[in-house]
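Examining the three-dimensional arrangement
Each chain, written out:
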Amino acid sequence: MSWTRRLLVVLVALAAALLAAPAAQAHEERPVTLPDGSGSVPVHRAGEPDLLVCKSDRADFERRISGFPAKLRARNLELFDRCRKSGYRHLQQAVDQVGRPGMNIAILPGLYEEEPSLPRPTGECARLKAPNSKLGYQILSYAQQKQCPHNQNLVAILGKKQLQIEGTGAARTDVVIDAKYQKLNAIRADGSDGIYFKNFTAQRTTFNSLYVLAQDGFVIDDVLTRWNDEYGFLTFASDHGLYKNCESYGNGDSGIYPGSASDINDGYGYDVPRYSIEITGCRSHHNMVGYSGTAGDSVHVHDNEFDHNMGGASMDSAFPGHPGLPQNHARFERNLIHDNNADYYPYVADGTCAEPPVERGYEEGVVCPQISMPPGTGIITAGGNWNIYENNWIYGQRRAAFFLSAVPAFIRGENALAKQVDTSHHNRYAGNHLGTDKAGRSRPNRTDVWWDGQGEGNCWQSDTGPSTPRSLPECGAARGAVSGRTDRLVGEPVKLAQLLVCADYDVRARRLPAGCDWYGARGIERIEVQIALGVALVLVLVGGVLWWRRLRHSRLATAATVLGMIGLGLDVAGATTGLASSYLPAVALLLTGAWWTGIGLVLRGERPGLGWTTTVLGVLTLLDAFDKAVLMIPWIPIGPAWVRGLLGVIWVLWAVVASARHGGPAVGKGTAAGPDSDPEADDAADTHGGDEARAGVDAGSGSAASGPDAHSGSDRSSAPDRDPS
């Protein structure tokens, strides 16, 4: 890496330091390693169960099964009679009796609150020594989980191999396992390779309903999770996994979270041997986000529906302690991702989320968002590589269909210099149905693409609608074929500022960042508008004074200044939510660039240094407009906006000095004398605006009429008075 690239990397890392704020609220777990991949996806086993779980109230049981089809009702009555004689009243009791691999547990319809597991820990379990997470719970080792399985878990399944747990009801809501907000997890399966969950509901926890950890082989089949502080389904550091026909809603983070899926495809391109986890036929709705995947590596997500969340799906590399970072190789296809426009942040602002979980109203639709999330977004990729998004229906999003931004590696705890720009690269968005539903009806997204501009090899389909930037690298027919060769080390400065501001969110402190429209900022409240307005005011003031003191007698400079003032006004307008993805921001840059170029040409005669600097600034601004609206300029490590911004600061200071010093206005090329060569020449130059006036004064003539343009608008106020006689 050259020294220039190293310097840029350091600047990027320093500029993004505030993004570390969300890490304090990430999922934290004991150190785990990814499975060796020798397992397999388990297969459902029919036949008689080995263990039965039921409640003892026959009248309640018969009421619950009264509407079942006759054959299923008869089967459940038979199982109930057997369970009354030799079964268990709590799921944990049955799990504790599992003594060999391959056993089946059947749970009969009923509400399972697992009363023996609910009490707070006592004795040695109340005095375990373990580090605390940022969220307050202890990060227990596996041995401590075995020692005290109910410190955090309503049902703990530890080290049980090829276990199958299945509800016997007609629907997944016939069997309900309820933690009543008294446990971190409703069901925890830890180190239990080959587990199979089917046909039940788990709900109401202070973290997640169904937690699968460090396993090679699992299936979640026709299971519902709901009303949790964090996740519905959390599978972590696992391989050979399958979610199918599942549902999740009412969760403060995501409904489905395959975190740290096995990183089996690291080092591959788009073509991979297999995927570690498959998710299909599921629906995740009315959560903060439908699907999330910190280090969600090698996950195949297809034929699902993510709707009416704040965000449809998200994958990221933003949180430390997750094996497999940076995130890579997720594949999304044929999913319905629509109407993810919920806004749950008001529940944080009004104090609802500060109440105890049982009092928040989760069952009535309250969701308490745990991390920063741009509402109204279809698919968010915050620091991921080699992801494929093809043939999805994404529509009705009030912000953007696709959102792509970089995340520097130090945020995940990796400080090696070469890693700081290792995301986001080679993400392919192609062949998706944007702005239309499956029936072909128009359901436009406000913006199809929001991209910070960082990364190499990212591409989008050619038929994207409104986007920011308007020019996007296009995907070819073959995966890996991309128009242009853009490889930016850092995103656009204003977008980086927006991400920094929006990251400063804390649900527990009820801190909603001011200036971020994710949390309700509108108009002048938004950081993007504030930056545009602040820059415009400075440039209007400095440019106006410079024109008055130096350029007002030049027609070219006057015309250019008028264009510049219009461009600055349009730049403010283009920073608003409704116009940011239009061509207006590029038009604003075009006019502003014309201003700087025009006045630079005029200034070269009087002040060559400032003139050339101004001209270069104008050309950079024109290039920035081209870069954003026509074609991203290849082969450059940073966008023109960065160089333009840095040079613009120098120009403002220089222009202030030039305007403050004595001297006459520059009319055009050919001004040889310096503006401070003669104090009396200042007034003459102000009056005549030309080299001829200055030359006449320098010659000591008492008449200002010696030049060919002497009678053109001259008030002769600088000439000595003469006796009219």
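Residues numbered from 1 in each chain as written. Predicted model: local features only at pLDDT ≥ 70, side-chain atom pairs only at ≥ 80, totals over all residues. Heavy atoms only, no water.

Okay, the packing of aromatic side chains next. Taken as a whole, this structure holds 29 aromatic pairs when the rule is applied. The interplanar angle of 80 degrees and the centroid separation of 6.1 Å between the aromatic rings of Phe-197 and Phe-200 together place this pair among those described as edge-to-face. The burial state of Phe-197 is the same as that of Phe-200; both residues are buried. Judged by centre distance (5.7 Å) and plane angle (45 degrees), the rings of Phe-332 and Tyr-389 are tilted. (Phe/Tyr/Trp six-rings, centres within 6.5 Å; stacked < 30°, edge-to-face > 60°. Buried < 20%, exposed > 50% of the residue type's maximum accessible area, 1.4 Å probe, protein only.)

With that settled, the discussion passes to a nonpolar patch on the surface. A cluster of nonpolar side chains, contributed by Val-562, Leu-563 and Ile-566, occupies part of the molecular surface with about 230 Å² of accessible area. Position of Val-562 among the secondary structure elements: in helix α9 (residues 555–574). (Patch = residues over 30% accessible without salt bridge, like charges linked within 9 Å, V, L, I, M, F, W, Y side chains within 5 Å. Areas by Shrake-Rupley, 256 points an atom, 1.4 Å probe, with all protein chains shown as cover. Salt bridge = Lys/Arg side-chain N within 4 Å of Asp/Glu carboxyl O. Helix = DSSP H or I, 4+ residues; strand = E, 2+ residues; numbered from the N terminus.)

Right, let's talk about the environment of Leu-34 for a bit. Along the chain, the position of Leu-34 falls in the loop between α1 (3–15) and β1 (51–53). Residues Leu-34 and Pro-323 lie 289 residues apart in sequence; the distance between their C-alpha atoms is 7.1 Å. Setting aside residues up to four positions removed in sequence, Leu-34 forms contacts with Ala-237, Ser-260, Ala-261, Ser-262, Asp-263 and Pro-323. (Contact = heavy atoms within 4.5 Å.)

Take the sheet that holds strand β34 (residues 467–468) next. The 11 strands lie next to each other as β4-β7-β9-β11-β14-β17-β20-β24-β28-β31-β34, forming an open sheet whose pairing is parallel. Where the open sheet ends on each side, the last strands, each with one partner, are β4 (153–158) and β34. Pairing geometry for strand β20 (residues 311–316) and strand β24 (residues 377–382), over five bridges, is parallel. Considered in β24, the bridge of Gly-311 is made with Thr-377. Across the sheet, helix α7 (residues 493–502) lies against β28 (400–405), β31 (449–451) and β34, angled at about 90 degrees from β31, the strand it touches most. (Pairing = 2+ DSSP bridges. Axes fitted to C-alpha atoms, helices over the stretch in contact; angles between N-to-C directions.)

Let us now look at helix α10 (residues 584–606). In a regular helix each residue adds 1.5 Å, so 23 residues correspond to 33 Å; α10 covers 34 Å between its end C-alpha atoms and thus fits that length. At Gly-600, α10 shows its largest kink, close to 25 degrees. (Expected span 1.5 Å × (residues − 1). Bend = angle between axes of the 7 residues up to and from the residue.)

The two faces of the sheet receive side chains in turn, since in a regular strand these alternate between them. Counting buried positions over the six residues of β28 gives six, a clear majority of the element. Pairing geometry for β24 and β28, over five bridges, is parallel. Bridge pairing links Ile-380 to Phe-403 in β28. As defined by bridge partners, β28 adjoins β31 across three bridges and the pair is classed as parallel. Residue pairing in the sheet places Leu-404 in a bridge with Trp-451 of β31.

Time to look at the packing of helix α2 (residues 58–65) against helix α3 (residues 70–86). One can describe the packing of α2 onto α3 by two numbers: an axis separation of 10 Å at closest approach and a directional angle of 160 degrees. For the element pair α2 / α3, the angle class is roughly antiparallel. In the crossing of α2 with α3, the sense of the turn from one axis to the other is right-handed. The residues of α3 that touch α2, namely those facing Arg-58, Phe-61, Glu-62 and Ile-65, are Arg-73, Asn-76, Leu-77, Phe-80, Asp-81 and Arg-84. In terms of residue class, the contact of α2 with α3 is built from four nonpolar, one polar and five charged. (Parallel < 35°, antiparallel > 145°, perpendicular 65-115°, else oblique. Left-handed = near helix turned anticlockwise from the far one by under 90°. Nonpolar A, V, L, I, M, F, W, Y, C, P; charged D, E, K, R; others polar.)

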